[in-house]
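In case you want the letters, here they are:
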Amino acid sequence: MSVLDSKVPKGSLKDKWTDYKDHIDLVNPANKRNIDIIVVGTGLAGGSAAATLAELGYNVKTFCYQDSPRRAHSIAAQGGINAAKNYQGDGDSTYRLFYDTVKGGDYRSREANVYRLAEVSTNIIDQCVAQGVPFARDYGGLLDNRSFGGVLVSRTFYAKGQTGQQLLLGAYSAMNRQIARGKITPFNRHEMLDVVKVNGKARGIIARDLVTGKLERHSAHAVVIASGGYGNVYFLSTNAMGSNATAAWKIHKKGAFFANPCYTQIHPTCIPRSGDYQSKLTLMSESLRNDGRIWVPKSLEDAKAIREGKKKPTELTEEQRDYYLERKYPAFGNLVPRDVASRAAKELCDAGYGVNATGEAVYLDFASSFERYGKEQAKIHGIENPSSEKIIELGRALVKSKYGNLFQMYEKIVDQDPYKTPMMIYPAVHYTMGGTWVDYNLMTTVEGLYSIGESNFSDHGANRLGASALMQGLADGYFVLPYTIGDYLSHEIRTGKIPTDTPEFEEAEKEVKDKIDFLVNNKGAHSVDYYHKKLGKIMWDKCGMSRNAEGLKQAMAEIKALREDFYKNVSVPGGAYEMNAELEKAGRVADFLELGELFAKDALVREESAGGHFREEYQTEDGEAQRRTEFQFVSAWEYKGEPADAVLHKEELVYENIEVKERSYK
Amino acid sequence: MNLTLKIWRQKDSKSKGQMVDYKVTEISEHMSFLEMMDVLNEQLINNGDSPVAFDHDCREGICGSCSMYINGEAHGPDRGVTTCQLHMRMFKDGDVITIEPFRAKAFPVLKDLSVDRSAFDRIQHAGGYISVNTSGNTQDANATLISKHNADLAMDAATCIGCGACVASCKNSSAMLFVGAKVSQYALLPQGQVEAADRVKNMVAQMDLEGFGNCTNTGACEVECPKGISLENIARMNRELLKANF
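Residues numbered from 1 in each chain as written. Chains lettered and ligands numbered in written order. Predicted model: local features only at pLDDT ≥ 70, side-chain atom pairs only at ≥ 80, totals over all residues. Heavy atoms only, no water.

**Notes on the confidence of the model for chain B**
Caution is warranted with low-pLDDT regions, since their predicted coordinates should not be read in detail. The share of residues in chain B with pLDDT of 70 or more is 100%, and the mean pLDDT across the chain is 96. Per the prediction output, this complex has pTM 0.96; the corresponding ipTM is 0.98. (pLDDT = per-residue confidence, 0-100.)

Next up, the structure:
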């Protein structure tokens, strides 16, 4: 087993990034004009990177599968973005943001990277404001902040519930400026299907024009992957339908190690699945747990009656309800962390206490908040002896002012009024924290091949805090990669234009073409979704929020068998040289069918419970996550053909500036 | 419920299209409109036919990809929603539903219900940005005070998802609600002032060049906009343009 070199600079934590920037090699402006960079994916990370690299003077080509960079799934992030500005004077600092992030990540992230992230976080806000991002302001005209889960300070900047949208549009506008200058050439409705290596270095990609189906060769001196996460390996997730693992998986097959594939963030407050036709899941902001109480019926009979529509939840008395989080975790109650809340909901539903038709939902009930707030409001407004109806009315109005848009969204989807009947929620796959392994420079184990944003294994490790993902995407793109890639490219100024008519490009294109030809000519019996749904079920049941060795071994075998069946029996209608959504999906599901197996293999090795991944064999006596120091490492997998044959490399994680502590929620 | 769908099928931008009838059965009222389309496509694939192409991605109403014209309305009969948020409970058993692509000269059909909206991007390239270096050397974010009122109005304009429903709903295929929203966002913020005149002139010129029509104050765009973008943004764009020309 080799030891991975993270290339973290020497020196004190505080000075590492500054010293690094002072000493790296630079490319002179005249030479930048002769250097080409490919950026795959145009969300927060890819969009900001493309704009900044073009700004510096490099020639940038961007690729995205959507019809416009503005549609990347970063656009769906709701809550906010963190930055250690300390505008509120509540004691925030770079160190505190660093500390909260490492702790929130269950001490499974690299200290130096996280510190750098916290350090540049303040620049992100300045940059976005200068670009015209309309962050919320207070009446004095200053930026407003709010607090997010897991921290004691107000450091979250937001734009209504559409922060991701506004940050993405900011990066997109920066891209537009460079497109207008001719420094970025955008290739929208294009999908990268392979990376091309020449003499061990990434030198280009093979892309498919999704409108004409034509394969294209694009060369560059460096390739940047910013293609997002792989939550869709579960079929159902909060990710966009097109979010895929293909770019990250193809580079893995060409030598980029894949790190911590089993790290998944599962969000407890999503709108439940309502049937087998369901295509995706919708997240409800976690802030709802501040005022809602979570429960299921105490008796299995009541649960059954509710599922069959014979009883209403409001008919159950307090004594007939099990407020299980308050019962099990009296200190934190309904505000236990995401992983704990998610697991508890699934356990009860698995035991038959679920409350919707599919048996996969628990109640999030605001009734007691209506009453509590109503009484308070009556006092404030000087209403003496208010009737219980008046109290509820006042309470509902207050809750509406806090969460009105979420209640409305819920009603649109579920067709029930959450002011009158409790909401139903269930956990869903939200964000993947594994991804391609990168060093301090954000370079993968392939020279000249970079990975940024959600597609890398992240600076966060096991369990991200809310509002950190947006921060990492923009930090990587605006402020980190533009420096680190320059150091690499300073050695490329004599390379000259890279030709695409070489054997390496030819071979890569042929491989891609053969795969496509195989898929369109297979004429099997089952659609692509048939396989994707089957894979998703294995993933959710055996590699979901609760895992054990036996289930993971079964999952590996089942995924392998499913993959073999896919290649025998999948049916892809239409041709290769036309707009063909089924063909696009087929290629992506083929990759998920490999990644899923590596995911299970990684989970099998990680014999500990941390953050979003709970290993049933490794829990404390009272059923809590048990972290084991011997697993304080990044697992980085090297591709060797079949996923089951992947070879494990370890990067030990050392904590010199932070004391590693257990977390408890009792 | 059981439904009859009349769908525009067109192989590619060069082929001639036509309406084709399909039957779907056992549709649940809880399905989204796009999930109903998934059911149809699964049925077509299992019969060896080619599935209906349509754009979609986030399926939570924010990416702006989905673009169907349903029973004569962009994003269908519900208000304030995109097609992915439209639910089948808006329809009745036995309904005949007509589904067409967004129709506008500047939005050529790529295949079936999928249209090319890159004209919107080109309008943005013409000036939909503030010229600031992405260097991190910008001044402190609180150094420029912005009134809450203007920040909120800018945010309302910035909420536009660029779906093109405004164009599809307009009898003139005008893009002025979209361009008005973009111009307004920057017009309301101090950072955008320096190049405001060039921005609005360039964006409007590009809009005309792309073949979008003009606004005749019918207001259909505002009614059909899934994000409630107000006509005031068109008025503000016109004021900005007047200002820029004097």
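**A closer look at the pattern of salt bridges**
Residue and element names in this part refer to chain A. Applying the stated rule across the entire model yields 71 salt bridges over all chains. Its salt-bridge partner being Lys 510, residue Asp 514 comes within 2.8 Å of it at the nearest N-O pair. Note that Asp 514 and Lys 510 are positioned in helix 14 (residues 503-521) at a spacing of four residues, about one turn of the helix. In this structure Asp 514 comes out as partly exposed when scored by relative accessible area, which is 37%. (Salt bridge = Lys/Arg side-chain N within 4 Å of Asp/Glu carboxyl O. Helix = DSSP H or I, 4+ residues; strand = E, 2+ residues; numbered from the N terminus. Buried < 20%, exposed > 50% of the residue type's maximum accessible area, 1.4 Å probe, protein only.)

**Some remarks on the packing of aromatic side chains**
All names here are of chain A. Counted according to the given criterion, the structure contains 33 aromatic pairs over all chains. An aromatic cluster of at least three residues, connected via ring pairs, comprises Phe 518, Tyr 530, Tyr 531, Phe 566 and Tyr 567. When the ring centre of Tyr 440 is taken as reference, the NZ or CZ atom of Arg 116 above it lies at 4.1 Å. Lying over the aromatic face of Tyr 65, Arg 588 brings its terminal NZ or CZ to 5.1 Å of the ring centre. (Phe/Tyr/Trp six-rings, centres within 6.5 Å; stacked < 30°, edge-to-face > 60°. Lys NZ or Arg CZ within 6 Å of the ring centre and 35° of its normal.)

**Points about the sheet that holds strand 8 (residues 215-219) of chain A**
Strand-to-strand pairing in sheets goes through backbone hydrogen bonds, with the strands running parallel or antiparallel. Residue and element names in this part refer to chain A. The strand order across the open sheet formed by three strands is 6-7-8, and the pairing between neighbours is antiparallel. Looking at strand neighbours, the two that pair on one side only are strand 6 (190-198) and strand 8, the edges of this open sheet. Averaged over all neighbouring strand pairs, the angle between strand axes comes to 25°, with direction disregarded. Two strands pair when backbone bridges link them, and strand 6 and strand 7 (residues 201-209) are joined in this way by eight bridges, in the antiparallel orientation. In the strand pairing of strand 7, Asp 194 is matched with Ile 206. Set on the sheet, helix 14 makes contact with strand 6, strand 7 and strand 8; between it and strand 6 the angle comes to about 140°. (Pairing = 2+ DSSP bridges. Axes fitted to C-alpha atoms, helices over the stretch in contact; angles between N-to-C directions. Contact = heavy atoms within 4.5 Å.)

**Here's the deal with the side chain of Glu608(A)**
All names here are of chain A. Residue position: Glu 608 is located in the loop between helix 17 (581-605) and strand 19 (614-615). Here Arg 108 takes part through its side chain, which lies 2.8 Å from a polar atom of the side chain of Glu 608. In this structure Glu 608 touches Arg 108, Tyr 263, His 613, Arg 615, Tyr 618, Gln 626, Arg 627, Arg 628 and Phe 631, once residues within four positions along its chain are discounted. (Polar contact = N/O pair within 3.5 Å; in protein donor to acceptor, adjacent residues only side chain to side chain.)

**Topic: the interface of chain A and chain B**
Buried accessible area, meaning the area lost when the parts come together, often serves as the stated size of an interface. Facing the 74 residues of chain A at the interface are 67 residues of chain B. For the pair chain A and chain B, the summed buried surface comes to about 5800 Å²; carbon and sulfur atoms form 50% of the total. Its largest share of buried area at the contact with chain B, chain A owes to Arg71(A), Arg137(A) and Tyr277(A), together 12% of the area lost on that side. Between chain A and chain B we count nine salt bridges in total. Between Asp156(B) and Lys160(A) there is a salt bridge, and its shortest N-O distance comes to 3.0 Å. Connecting chain A to chain B are 43 residue pairs in polar contact (both at pLDDT 80 or more). Among the secondary structure elements, those contributing two or more residues to the side of chain A that touches chain B are helix 3 (44-56), helix 5 (111-130), helix 6 (163-180), helix 12 (388-414) and helix 13 (469-489) of chain A. Of the residues in the side of chain A that touches chain B, the class split is 31 nonpolar, 25 polar and 18 charged. (Buried area = accessible area lost by both parts, 1.4 Å probe. Nonpolar A, V, L, I, M, F, W, Y, C, P; charged D, E, K, R; others polar.)

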